[in-house]
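Topology and contacts: notes
One-letter residues, chain by chain:
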Amino acid sequence: MAIVEKLHVLKFRNLTDQYLLPNKDINILIGKNGQGKTNFIESLYYLGHGRSFKTKNLKDIIPFDEQQIQISAVIDGKKITINRSRERKTVLIDGKKISSNSLLSQVLPIQIISPDRGFVVGGPPKLKRSYLDWGVFHNNEKTLKTYASYKKTLKNINSLLVSGNKNQLREWLTKFASLSVEITKERNDYIGELTKTLSKNLSHKLKSLVGPFVDFEFVLQTGWPKEVDALSQKKIETYLLNNTNTFFKSKHLSYGPHRSSIDYFLKGRGENFLSRGEQKKMSIVFWMLQILMLVENEKKPIVLVDDISSELDNIKIKSIVDYLSEIKVQIFITDIGNKKLPLREKKTAKYKIESGLITGLDG
């Protein structure tokens, strides 16, 4: 279970020395565009992931005329602190240095819904993999080592392909095939668990979200051609060896879990044939389903919803908030504030943000 008890954003984009004692249920920041709403959401995401969801460029998030970002929070009694300069990053949990972002994610699991990321249904493969692997990792944290080994192996193979060096290639391809099977199996298992969770909760927790969307399917695209059995190390290795010359010409390995995706179907129709509204609703169901699975495994995440009314109507907003309140996860929401939102007043802490300054609102 994760609850942000205290939050101190000392330096992050236009946020300077902002201190909050968040509500354990719903927290909403209201402000006009360009005042720092998304910066606030991004700072929480950074605290849980050690990176931004908006940019890979560090200079974009370090405040003007400053040399570093500094964020800290107390999560279920544990203090997390991130100091990131242009030269190095220091991450502390209860005063002890850690080197892995995965430990951050274990202490502060975060699920984010943001226009900047886009909707997963109808979205690009990279976004789909991001959400999928977020769920896989939190469902089985041991997979992180497999993913790290896979990335290293892929990098080494691509280096050999670029240099034209055939020495040791077979050895690396064998390892790649083995790791590929492991990752595909973990992803398949996770999608299977999602499907079971959807089926058993259609008449209960997910009812308000799913509505008539009973025939909702998600199918893993493994990143391999259809003729390759993605769960057979031998067949993958044979395919790789038979196509080595092609890979040398392209100078990179164009197949594997790093090219994987998810296909979504509604009543047999592929996502590209769905309306924008249907894609949004299915995306919400998928996000909430991932959260429900974590909750049922006693790993409650923090949920971030940025600019909630820009893409969602009040019916969808009410469904999301009621659902998250029912399963008792902490929510941080931002909004422009141009209309009344269907929030539970007694469970909601309201703030306004202006030029990076956050202040509480009464009522």
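Closest axis-to-axis distance for the helix H3 (residues 125-139)/helix H9 (residues 276-296) pair is 10 Å, and the angle between their directions is 10°. Taken together, the axes of H3 and H9 are roughly parallel relative to one another. Contacts between H3 and H9 involve Tyr131, Leu132, Trp134, Gly135, His138 and Asn139 on the former and, on the latter, Phe286, Trp287, Gln290, Met293 and Leu294. Counted by class, the contact of H3 with H9 contains seven nonpolar, four polar and no charged residues.

So, about the sheet that holds strand E8 (residues 110-113). With respect to topology, six strands assemble into an open sheet ordered E8-E12-E13-E3-E14-E15, the strand pairing being mixed. Edge positions in the sheet fall to E8 and strand E15 (357-361), since each of these pairs with one other strand and no more. For this sheet, the mean inter-axis angle between neighbouring strands, taken without regard to orientation, is 20°. Across five bridges, the pairing between strand E3 (residues 26-30) and strand E14 (residues 348-354) is parallel. When the bridges of E14 are listed, isoleucine 26 appears paired with threonine 348.

By the secondary structure assignment, leucine 169 is in helix H5 (residues 169-201). The class of leucine 169 is buried, set by a relative accessible area of 5%. Through-space distance from the C-alpha of leucine 169 to that of leucine 324 is 49 Å; in sequence the pair is 155 residues apart. Other than its neighbours up to four places away in sequence, leucine 169 contacts Ile157, Leu160, Leu161, Thr244 and Phe248.

Bringing the confidence of the model for the chain into the picture now. Here the chain shows a mean pLDDT of 89. Residues at 70 or above account for 96%. Considering each helix and strand of the chain separately, the mean pLDDT is smallest for helix H6 (residues 207-210), with a value of 62, and largest for helix H7 (residues 233-242), with 96.

Scanning the entire structure with this criterion turns up 14 aromatic pairs. Geometrically, the ring pair formed by phenylalanine 12 and tyrosine 46 is edge-to-face, given 5.9 Å between the ring centres and 65° between the ring planes. Placement of phenylalanine 12 in strand E1 (residues 4-12) and of tyrosine 46 in helix H1 (residues 37-49) is noted, with a sequence separation of 34 residues between them. Each member of the pair, phenylalanine 12 as well as tyrosine 46, carries the same accessibility label: buried. On the numbers, 6.3 Å between centres and 90° between planes, the contact of tryptophan 224 with tyrosine 239 is edge-to-face. Of the two residues, tryptophan 224 sits in the loop between strand E9 (216-221) and H7 while tyrosine 239 sits in helix H7, which places them 15 residues apart along the sequence. Relative accessible area serves as the criterion here: at 14%, tyrosine 239 is assigned to the buried category. In textbook terms, an aromatic cluster arises when at least three aromatic residues are bridged by ring pairs, as seen for Tyr150, Phe176, Trp224, Tyr239 and Tyr255. One cation-aromatic arrangement involves arginine 117 over tyrosine 131; the distance from NZ or CZ to the ring centre is 4.8 Å.

Moving on to the packing of H3 against helix H4 (residues 143-163). At a minimum axis separation of 8 Å, H3 and H4 run at an interaxial angle of 135°. In this view, H3 runs oblique relative to H4, as classed from their interaxial angle. Residues Asp133, Val136 and Phe137 of H3 lie in contact with H4, whose contacting residues are Thr143, Leu144 and Tyr147. Partitioned by chemical class, the residues of the contact of H3 with H4 number four nonpolar, one polar and one charged.

The next thing to look at is the pairing of strand E5 (residues 78-85). Here strand E4 (residues 68-75) pairs with E5 via eight bridges, running antiparallel. Looking across to E5, one finds that glutamine 70 is bridged to asparagine 83. Here E5 pairs with strand E6 (residues 89-93) via five bridges, running antiparallel. When the bridges of E6 are listed, isoleucine 80 appears paired with isoleucine 93. Once E5 ends, the chain turns through three residues before running back antiparallel as E6.

Conventions adopted
- Residues numbered from 1 in each chain as written.
- Predicted model: local features only at pLDDT ≥ 70, side-chain atom pairs only at ≥ 80, totals over all residues.
- Heavy atoms only, no water.
- Axes fitted to C-alpha atoms, helices over the stretch in contact; angles between N-to-C directions.
- Helix = DSSP H or I, 4+ residues; strand = E, 2+ residues; numbered from the N terminus.
- Parallel < 35°, antiparallel > 145°, perpendicular 65-115°, else oblique.
- Contact = heavy atoms within 4.5 Å.
- Nonpolar A, V, L, I, M, F, W, Y, C, P; charged D, E, K, R; others polar.
- Pairing = 2+ DSSP bridges.
- Buried < 20%, exposed > 50% of the residue type's maximum accessible area, 1.4 Å probe, protein only.
- pLDDT = per-residue confidence, 0-100.
- Phe/Tyr/Trp six-rings, centres within 6.5 Å; stacked < 30°, edge-to-face > 60°.
- Lys NZ or Arg CZ within 6 Å of the ring centre and 35° of its normal.

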